[in-house]
Amino acid sequence: ADCRYTCHQECRSLIQLDCRRPGPWQSQLSPESTLLPPCSQNVTQTVEEEKPEPPTVQEIKQKIEKYNAKVTNCLLMKLNDDGTYTGFIKVHLKLRRPVTVPAGIRPQSIYDALKEVNLAEMTDKRTSFYLPLDAIKQLHISSTTTVSEVIQGLLKKFMVVDNPQKFALFKEMRKDGQVLFQKLPLTEYPLYLRLLAGPDTDVLSFVLKENETGEVEWDAFSIPELQNFLMILDKEEKDKIQQVHRKYENFKQRLQQTLKEARGKPG
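Residues numbered from 1 in each chain as written. Predicted model: local features only at pLDDT ≥ 70, side-chain atom pairs only at ≥ 80, totals over all residues. Heavy atoms only, no water.

- In the annotation of an unreviewed UniProt entry, the entry for the protein chain reads Ras association domain-containing protein 5, and the organism field reads Rhagologus leucostigma.
- Annotation of the protein chain in UniProt includes, under Subcellular location (unreviewed entry), the sentence "Cytoplasm, Cytoskeleton". (UniProt positions renumbered as here; feature names shortened; annotations may be inferred.)

Shown next as structure tokens:
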């Protein structure tokens, strides 16, 4: 009424103005001169993020040819007649917690792999150990293989019986001298990401890590596993304390030796 401020009808309750003192601009402003045109009270517009169109078979074929031209080994991608494609990805295992595996089980043979024999189901005995840090596993997957299936496949190859929800697949990227990690959703397709990035693992690589602390479902762990974690943390804490003690003990000895050598010397 005073300053002739114009807004959408549905925004009226959100506007807070102090119009008790009319300004000199009142005679110059009008509703028609405002930047936002008034819209009908009954009209609501929802802006949705446009999703990119899936690539056509021809586009996939061109990307695969471009990818294979850069491959320096025999790990090529292959396009199938139905438009899907297969290829290889390498996954770095960077697990800092122990994993649970069956105790007393022989290594998986080619026969077991072909017959899809699950050796982990042959015994109820379990043991925990650390996988080698930064070990690399190569997987042959399809364009329809999801992150969830990759995680399950890795656990199966190492006969890990832990709940897959304890783990997450990350993509590691290097940009401007920095290493960036991004957690991949379970429905993402790793082979498509590999195809877009090219075969150079310095541009993009995959890493299997523990799920972030805030997202770990602790109900998935058994009581012996949790007790094992406490024992490991206890040991790590004692080792750290001993390292600190040794560090300052060495410093103390060097300081005493320096003082002993400096006695009787000027300054």
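Having seen the model, we can carry on.
1. Regarding the packing of helix α1 (residues 57-70) against helix α4 (residues 190-197)
Right, so step 1: It is at 9 Å that the axes of α1 and α4 come closest, and there the two elements cross at 65°. Handedness of the crossing formed by α1 with α4: left-handed. From α1, Ile60, Lys63, Ile64 and Tyr67 reach across to α4, where they touch Tyr192, Arg194, Leu195 and Leu196.
Right, so step 2: Partitioned by chemical class, the residues of the contact of α1 with α4 number 6 nonpolar, no polar and 2 charged. (Axes fitted to C-alpha atoms, helices over the stretch in contact; angles between N-to-C directions. Helix = DSSP H or I, 4+ residues; strand = E, 2+ residues; numbered from the N terminus. Left-handed = near helix turned anticlockwise from the far one by under 90°. Contact = heavy atoms within 4.5 Å. Nonpolar A, V, L, I, M, F, W, Y, C, P; charged D, E, K, R; others polar.)

2. Concerning the side chain of Thr86
Right, so step 1: By the element assignment, Thr86 lies in strand β2 (residues 85-93).
Right, so step 2: Thr86 sits in the buried class, given a relative accessible area of 17%.
Right, so step 3: Residues in contact with Thr86, not counting those within four places in the same chain, are Leu76, Met77, Lys78, Asn80, His140, Ile141, Ser142 and Leu191. (Buried < 20%, exposed > 50% of the residue type's maximum accessible area, 1.4 Å probe, protein only.)

3. Observations regarding the confidence of the model for the protein chain
Right, so step 1: Residues of the protein chain with pLDDT of at least 70 account for 69%, and the chain-wide mean is 77.
Right, so step 2: For the stretch residues 21-49, pLDDT sits under 50, and the model shows 19 contacts to residues farther than four places along the chain or on other chains. (pLDDT = per-residue confidence, 0-100.)

4. Side note on the packing of aromatic side chains
Right, so step 1: Per the stated rule, a full pass over the model turns up 0 aromatic pairs.
Right, so step 2: Cation over ring: Lys209 sits above Phe170, and NZ or CZ is 5.1 Å from the ring centre.
Right, so step 3: The side chain of Lys209 reaches across the aromatic face of Phe181, ending 4.5 Å from its centre. (Phe/Tyr/Trp six-rings, centres within 6.5 Å; stacked < 30°, edge-to-face > 60°. Lys NZ or Arg CZ within 6 Å of the ring centre and 35° of its normal.)

5. Description of the pattern of salt bridges
Right, so step 1: Applying the stated criterion across every chain yields a total of 4 salt bridges.
Right, so step 2: Put simply, Glu172 and Arg174 hold a salt bridge, and the shortest N to O gap is 3.3 Å.
Right, so step 3: Overlapping salt bridges, with partners in common, bring together Lys94, Glu172 and Arg174 in one network. (Salt bridge = Lys/Arg side-chain N within 4 Å of Asp/Glu carboxyl O.)

6. Digging into empty space enclosed by the protein
Right, so step 1: What the rule picks out here adds up to 2 cavities of 30 Å³ or more.
Right, so step 2: Taken as a whole, the largest cavity spans an internal volume of roughly 100 Å³.
Right, so step 3: Surrounding the largest cavity, 13 residues form its lining, Pro98, Val99, Asp162, Phe221 and Phe229 being those nearest its centre.
Right, so step 4: When contributions to the lining of the largest cavity are tallied by element, the ones reaching two or more residues are β3 (99-102) and α5 (223-262). (1 Å grid on protein atoms, 1.4 Å probe; cavity = no way out; pocket = protein on both sides within 12 Å on 5 of 7 lines; lining within 4 Å. Points joined across faces, edges and corners; volume = space filled by probe spheres on them.)

7. Section: unusual backbone geometry
Right, so step 1: Within the chain, Met159 stands out as a residue other than glycine whose phi angle is a positive 55°.
Right, so step 2: With respect to the helices and strands, Met159 occurs in the loop between α3 (147-157) and β6 (167-175).

8. With respect to the pairing of strand β7 (residues 178-183)
Right, so step 1: When β6 meets β7, the two strands line up antiparallel, connected through 6 bridges. Each bridged residue has a counterpart across the sheet, and for Arg174 the counterpart in β7 is Val179.
Right, so step 2: Hairpin connection of β6 to β7: 2 residues between the antiparallel strands, including Asp176 at a positive phi of 55°. (Pairing = 2+ DSSP bridges.)

9. Re a nonpolar patch on the surface
Right, so step 1: A cluster of nonpolar side chains, namely Val244, Tyr248, Phe251, Leu255 and Leu259, defines an oily patch on the protein surface of about 510 Å² accessible area.
Right, so step 2: Position of Val244 relative to the elements: it lies in helix α5.
Right, so step 3: Given a relative accessible area of 40%, Val244 falls into the partly exposed group. (Patch = residues over 30% accessible without salt bridge, like charges linked within 9 Å, V, L, I, M, F, W, Y side chains within 5 Å. Areas by Shrake-Rupley, 256 points an atom, 1.4 Å probe, with all protein chains shown as cover.)

10. A closer look at the pairing of β2
Right, so step 1: Of all 9 residues that make up β2, 7 are buried, and the element is covered over most of its length.
Right, so step 2: Between strand β1 (residues 78-79) and β2, which pair antiparallel one after the other, the connecting turn spans 5 residues, and Gly83 there sits at a positive phi close to 95°.
Right, so step 3: Where β2 meets strand β5 (residues 135-142), 8 bridges bridge the pair, whose relative direction is antiparallel. Residue Gly87 lies in a different strand from β5, and its bridge partner there is Ile141.
Right, so step 4: Sheet topology places β2 next to strand β8 (residues 204-210); 3 bridges connect them, and they run parallel.

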